[in-house]
Every structure is written in C-alpha cells, then in structure tokens.
Amino acid sequence: MVMLLQLLHAEGKPNIFTSHTDEYWRLVRKGVAPAFSPKNIRKGFGHVLQVNQQLISILEDSAGAEIDLDNATLRVTLDVIGRVGFGKDFGATRDLNSGKANLAFDMMEAGMHLPANHELPLPSVKQGEEDFKAFRKIMSDMLVDIKRRGEPPETDTTIAAHLLRIRDPASGQPLPDDRIAAEAGVFFTGGFETTGHTIAWALFMISAHPEVEAKVLAELQALHLMPSAAQPQPRLMTYDDLAKLTYTCNAIKASHYFCIRFMFFCTPLNNA
Ligand code: HEM
C-alpha cells in the first residue's frame, strides 16, 4: 500500500484506492461512479474497437512471427483506459516494440514490478523510485493537457471530466491538481495489469482447451463475428453483442479466476 501511495503522489498522500477515511474519498468515489455506468461504457466502445483494430493489423502484418501476447494485451489496456477514461491516446498499441519510445507503457511496467520492500538495498529500488517519478510526471502532464481543453462540456463522460467536476462542498473548490493527477494514476494502475493479464490468460486458456475454443468460435460465428466461407469478412462487433456472447464471457471469467490466482501466487517471485 505504501508503494502505491508513493507511485501516485510524491508525498504519498491518499487516494480512492488507499483510504476510506480521507476527506476526499467519498467525493471522488461518488464523483467518478457515473463514468462507469453502462451508458458511458457503451460510449467508449468505439475506442475499444479502434485500439483492437490496431492490434489486429499488427498481428496480420506479422503472420507467423512470435508475438508476446501479454505485452500486446497490456498495451491495449493502457490505450483503452487512456482513450476512454481520459481522452488521451498513449499510442502504446501502435507499435508493440516501442520500448523507451513509449514512456507511459514503460513506467506502468516498471512501477508494477518494483520490490515491495523499499528498504531493500537493491538497484531496482533506486530505479523504481525514478520510475515512480516518471509515472507521476506522465499523469501530471496528462492533467495539464486535459485542463488545456477547458471546462468539460456536459457531454464529456470521461473519468477525467468527472474528476474535474468534483467540488469540495465546504469550499466550493475543485480538487487540488496533485489529487486529480493521483486519482488519474489510480485508474491506470488499477486497470492495467488486472485487465491486460486477464485478456492474455483468457486467450491462452481458451487455446489450451480445443473443446472450449470450438464453442467460443461457434458462438462468434453464429453472430457473424468470425470469417466463414459464406462471409469471409466478418462484421464489426457492437456493444450489444457482448450480452449475447454468454459462453465466451463465461470462458473469460473462468480463465480470469486462474489469472488472479496466478498473479497472487507469482507476486513474491516477481518481487524477489
Ligand atoms: C480484470 C480486471 C480487474 C480486476 C480483477 C480488478 C480488481 C479490483 C479489486 C479486487 C478491487 C478492490 C475492491 C475492494 O476494495 O473491495 C478493485 C478496486 C478498484 N478498481 Fe479494479 N479491477 C479490475 C479492473 C479495473 C479497471 C479497468 C479499472 C479502471 C479503469 C479499475 C479501477 C479500480 C478502482 C478505482 C478501484 C477502487 C474502488 C474503490 O475503492 O472505491 N479496476 N479492483
């Protein structure tokens, strides 16, 4: 927890993830909740399709080459959160090998793999502190960009717009900038590995079980979302399709269970 506080704020001040008692917790919790309504998630679905289309193009162009799928799905996740939640395209999925060129992706990766014990005299701890600083700068630079757009119009349902609209009832003032930047960081750290690894694991687990894979493909084919002899060019998925993909969603949920168990199991190994 200390690590998360330091990742998100230079002085380790609290945020929605770390404190239920802090003065702003309830305000932030209530303030951002509407961004996650089904109506607003539906609005962001176009970005999900566009980011995935970038990945599909790369996969098509590199047919036969080895692809680190987990790296790819983490990038998709970063870009979707950036675009849907903050109106910011980090472009991490445009090039799956963008190393230092994609600072945001590097920082997310580095921040997540820091040894939990900050007292350890390890070079990675020192490096981790630098990475934390760089991550916080990415968040505060993003906030500057967002504020440059001006007051968010009512139609803006991003997480960013909801954070900017929050007012302290006592003073009528918006949240301090350092708090908004820290809260923005929460959504990236909270959604990055959780969702990215879940997708990679789901694909791995489904491909490892041919009988499950066949049923997933059949479900997609029935909705014309897979190429077939009759329809070589599948149609684009819509948000409403998600509710119809019951078997596929259950397969993802089952894989997710293994993914979470694996993540917890491996944490001490990652941190060694
Ligand atoms: C497979 C994906 C995900 C998993 C497994 C996951 C898991 C969790 C868990 C276990 C908690 C703690 C709940 C509690 O304290 O009772 C949590 C909280 C949270 N997650 Fe996620 N999460 C996922 C995706 C996301 C995404 C995509 C975002 C944002 C874009 C996100 C943002 C948050 C936030 C802000 C909280 C704190 C909520 C609060 O304290 O009110 N998570 N998540």
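Use the structure listed above.
Residues numbered from 1 in each chain as written. Predicted model: local features only at pLDDT ≥ 70, side-chain atom pairs only at ≥ 80, totals over all residues. Heavy atoms only, no water.

J.: Quick rundown of the side chain of Thr73? Include the residues and the values.
T.: Among the secondary structure elements, Thr73 is positioned in helix 5 (residues 69-86). For Thr73, a relative accessible area of 3% corresponds to the buried category. A polar contact of 2.9 Å, which involves the side chain of Thr73, links it to the backbone oxygen of Gly196. Once you skip the residues sitting within four places of it in the chain, Thr73 turns out to touch Gly196, Ile199 and Ala200. (Helix = DSSP H or I, 4+ residues; strand = E, 2+ residues; numbered from the N terminus. Buried < 20%, exposed > 50% of the residue type's maximum accessible area, 1.4 Å probe, protein only. Polar contact = N/O pair within 3.5 Å; in protein donor to acceptor, adjacent residues only side chain to side chain. Contact = heavy atoms within 4.5 Å.)

J.: A description of the environment of Ile81 should follow, citing residues and the corresponding values.
T.: Its place among the elements puts Ile81 in helix 5. It is 9.4 Å that separates the C-alpha atoms of Ile81 and His47, two residues lying 34 residues apart in sequence. Ile81 has contacts with Phe86, Phe187, Phe188, Gly191 and Phe192, leaving out every residue within four places of it along the chain.

J.: I'd love a proper account of the environment of Leu5, names of residues and values included.
T.: Structurally, the position occupied by Leu5 is in helix 1 (residues 2-8). The spatial distance from the C-alpha of Leu5 to the C-alpha of Ser19 is 9.9 Å, given a sequence separation of 14 residues. Those residues in contact with Leu5 that lie beyond four places of it in its chain are Gly12, Lys13, Pro14, Asn15 and Thr18.

J.: Give a detailed account of the site of the ligand, specifying residues and quantitative values.
T.: Close contacts around the ligand come from 13 residues, with Ile16, Phe17, Arg29, Thr194 and His256 the closest. Between the ligand and the protein, one listed contact pairs an oxygen atom with a side-chain N or O atom of Arg29 at 2.5 Å. Separating a nitrogen atom of the ligand from a backbone N or O atom of Gly190 is a distance of 3.5 Å. At 7 residues, helix 9 (residues 177-207) tops the list of elements feeding residues into the shell around the ligand. (Near = heavy atom within 4 Å.)

In short, geometric facts, not functional conclusions.
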